[in-house]
Amino acid sequence: MIRLAGNHFAVARNEVAMAAFFLWCILFILCWPIALLALVLYPIVWLLTLPLRVLGIAVHGVLGLISALFLLPVRLLRGPRAI
């Protein structure tokens, strides 16, 4: 029996990284200036979008808290199994 629950996301991430590398290699062969520009600009774009990711995580947490507060009376009325 093979268990993939823990490694499923790691395998998917490795496959995406490998596909991105192969696509970059194809771009490098076809047009190397654009490939090098993409290689240089990627960390800068990642740093610029980092605050937006943190803001998204915070907004997701606040909306989850509000949702939990509104749904708490319903969960309490369902009984001990719903909590």
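Our structure's up above, just so we're on the same page.
**So, the overall build of the protein chain**
In terms of regular secondary structure, the protein chain is built from 2 helices and 0 strands. In the protein chain, which comprises 83 residues, the share counted as buried stands at 2%. Per element, the accessible surface of the protein chain, about 7900 Å² overall, is 79% carbon and sulfur.

**A few points about a nonpolar patch on the surface**
Where nonpolar side chains cluster on the molecular surface, the patch consists of Leu52, Leu55, Val59, Val62, Leu63, Ile66, Phe70, Leu71 and Val74 and spans about 870 Å² of accessible area. If you trace the backbone, leucine 71 turns up in helix α2 (residues 32–78).

**Some remarks on α2**
An α-helical turn contains 3.6 residues, so any two residues separated by three or four positions project in the same direction. Where α2 bends most, the angle comes to about 40 degrees, and this point is leucine 71, followed within four residues by the proline proline 73. Among the residues trailing α2, glycine 79 stands out with phi positive, at a value near 120 degrees.

**Describing the packing of aromatic side chains**
Scanning all chains against the criterion turns up 2 aromatic pairs. With a centroid separation of 6.0 Å and an interplanar angle of 50 degrees, the aromatic rings of phenylalanine 21 and phenylalanine 22 are classed as tilted. Centre to centre, the rings of tryptophan 24 and phenylalanine 28 are 5.3 Å apart; their planes meet at 25 degrees, and the pair counts as stacked. Here tryptophan 24 pairs with phenylalanine 28, and both are found in helix α1 (residues 8–30), just 4 residues apart, close to one helical turn. A relative accessible area of 35% places phenylalanine 28 in the partly exposed class.

Criteria and thresholds
- Residues numbered from 1 in each chain as written.
- Predicted model: local features only at pLDDT ≥ 70, side-chain atom pairs only at ≥ 80, totals over all residues.
- Heavy atoms only, no water.
- Helix = DSSP H or I, 4+ residues; strand = E, 2+ residues; numbered from the N terminus.
- Buried < 20%, exposed > 50% of the residue type's maximum accessible area, 1.4 Å probe, protein only.
- Areas by Shrake-Rupley, 256 points an atom, 1.4 Å probe, with all protein chains shown as cover.
- Patch = residues over 30% accessible without salt bridge, like charges linked within 9 Å, V, L, I, M, F, W, Y side chains within 5 Å.
- Salt bridge = Lys/Arg side-chain N within 4 Å of Asp/Glu carboxyl O.
- Bend = angle between axes of the 7 residues up to and from the residue.
- Phe/Tyr/Trp six-rings, centres within 6.5 Å; stacked < 30°, edge-to-face > 60°.

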